[in-house]
Amino acid sequence: MRFDVVTIFPEFFSGPLSCGLLKRAMAAGVASVFIHNLRDYAEGAHLQVDDTPYGGGPGMVMKPEPIWRAIESLSAVGEEKPLVILLSPQGSRLDQATAFRYATARRLLLISGRYEGVDHRVAEHMVDEELSIGDYVLAGGEIAALVVIEAVTRLIPGAVGNPDSVKAESFVEGILDYPQYTRPPEFRRWGVPEELLSGNHARVDRWRHEQAEKRTRINRPDLFHHVHG
Ligand code: SAM
């Protein structure tokens, strides 16, 4: 799986890509991530990537031409044409089903905005999808791009040590995961539920299922009603 990211802050990515799952997946050749500086696709003496908004208002808007040139140029490299995604709070919201769908693509090209956002012609004419990572506004699309890269990479076969761990977690069955505990069995008088210490697999499974449902009903009634009607 290949990810390309277009950003005005390439340096943003060095920390997150150099540890944990993403580092391992890249070292194993399961994922490759290429970070591109949008200014490399800008023209003029000042390599300008933003300008004032038509109609007035605060801040700056990212210009369409450098983004167009970046998409054209990056789509032409490599064997696969990328699915081109604009990170935007106005996009459809990322969920685990979307992450699974992206994990079947061979290549994603992620466009990070900054400032007041991106000239709307990018969303209208240049990208395949507009994607939001949630109902809040970040200062830029870099963290959103990293969220996509991590959520998708861990679903690619070979990226996670034990493939069972991504099959039985939150959202996969439409509900949240069950609570997990580890040693010690008691800490400051807070015990581990006795079902988990029972050694009885059927009892453990029943308890986990009940807890997953209960937590979903309390914390995410929207998910619970979606599954249970
Ligand atoms: N004025 C825009 C609005 O209200 O919709 C917000 C622009 S935001 C400050 C700048 C950039 O951050 C966006 O172009 C986008 O790339 C990124 N961004 C902010 N929030 C995001 C979110 N929830 N999901 C994905 N990208 C986001």
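Remember, it's a predicted structure, so these values are computed and weren't measured experimentally.

Colleague: Give me the lowdown on the packing of aromatic side chains, citing residues and values where you can.
Modeller: Scanning the entire structure with this criterion turns up two aromatic pairs. Here the basic side chain of Arg2 rests over the ring of Phe34, its NZ or CZ set 4.1 Å away from the ring centre. Between Arg217 and the ring centre of Phe224, over which it is positioned, the NZ or CZ distance is 5.4 Å.

Colleague: I'd like to hear about the site of the ligand, residue by residue, with values.
Modeller: Not every one of the 20 residues close to the ligand is listed here, only the nearest: Leu87, Gln90, Gly113, Glu116 and Tyr136. Leu138 is positioned with one of its backbone polar atoms (N or O) 2.9 Å from a nitrogen atom of the ligand. Within the complex, 85% of the 590 Å² of free accessible area of the ligand lies under protein. Among the secondary structure elements, those contributing two or more residues to the shell around the ligand are strand E5 (83–93) and strand E7 (129–132). The dominant element in the shell around the ligand, judged by the number of residues it contributes, is E5, at four residues. Per-class residue counts for the shell around the ligand are 10 nonpolar, eight polar and two charged.

Colleague: Outline the packing of helix H9 (residues 201–219) against helix H10 (residues 221–228), supporting the account with residue identities and numerical values.
Modeller: Packing of H9 against H10 brings their axes to within 5 Å, and their N-to-C directions diverge by 120 degrees. It follows from the interaxial angle that H9 and H10 lie oblique. Contacts between H9 and H10 involve Glu213, Thr216, Arg217, Ile218 and Asn219 on the former and, on the latter, Pro221, Leu223, Phe224 and His228. Grouping the amino acids of the contact of H9 with H10 by side-chain chemistry returns four nonpolar, three polar and two charged.

Colleague: Just give me the short version of the environment of Ala144, but keep the residues and values in it.
Modeller: Tracing the backbone through its elements, the reader meets Ala144 in helix H6 (residues 142–153). C-alpha of Ala144 to C-alpha of Asn219: the two residues are 75 residues apart in sequence and 24 Å apart in space. Setting aside anything within four residues of it in sequence, one finds Ala144 in contact with Leu87, Ile133 and Leu138.

Colleague: Go over the domain arrangement of the chain, please, and point to the residues and values.
Modeller: Looking at the assigned domains, one finds that the chain contains domain 1 (2–153) and domain 2 (168–228). A straight line from the C-alpha centre of domain 1 to that of domain 2 covers 36 Å.

Colleague: Explain helix H3 (residues 64–76) to me, and be specific about the residues and the numbers.
Modeller: Counted at 1.5 Å a residue, the expected span for H3 with its 13 residues is 18 Å, and the 18 Å between its end C-alpha atoms agrees. Along H3, the residues classified as buried are Pro64, Pro66, Ile67, Ala70, Ile71, Leu74 and Ser75. Buried residues of H3, seen end-on, are gathered within an arc of 165 degrees and therefore sit on one face of the element. The inward-facing, buried residues of H3 contact strand E1 (2–7), strand E2 (32–37), strand E4 (61–62), E5, strand E6 (107–111) and helix H5 (120–126). With its phi angle positive at about 75 degrees, Gly78 sits one or two positions after the end of H3.

Rules used in this analysis
- Residues numbered from 1 in each chain as written.
- Predicted model: local features only at pLDDT ≥ 70, side-chain atom pairs only at ≥ 80, totals over all residues.
- Heavy atoms only, no water.
- Phe/Tyr/Trp six-rings, centres within 6.5 Å; stacked < 30°, edge-to-face > 60°.
- Lys NZ or Arg CZ within 6 Å of the ring centre and 35° of its normal.
- Near = heavy atom within 4 Å.
- Polar contact = N/O pair within 3.5 Å; in protein donor to acceptor, adjacent residues only side chain to side chain.
- Areas by Shrake-Rupley, 256 points an atom, 1.4 Å probe, with all protein chains shown as cover.
- Helix = DSSP H or I, 4+ residues; strand = E, 2+ residues; numbered from the N terminus.
- Nonpolar A, V, L, I, M, F, W, Y, C, P; charged D, E, K, R; others polar.
- Axes fitted to C-alpha atoms, helices over the stretch in contact; angles between N-to-C directions.
- Parallel < 35°, antiparallel > 145°, perpendicular 65-115°, else oblique.
- Contact = heavy atoms within 4.5 Å.
- Domains from an automatic or database assignment.
- Expected span 1.5 Å × (residues − 1).
- Buried < 20%, exposed > 50% of the residue type's maximum accessible area, 1.4 Å probe, protein only.
- Arc of directions from axis to C-beta.

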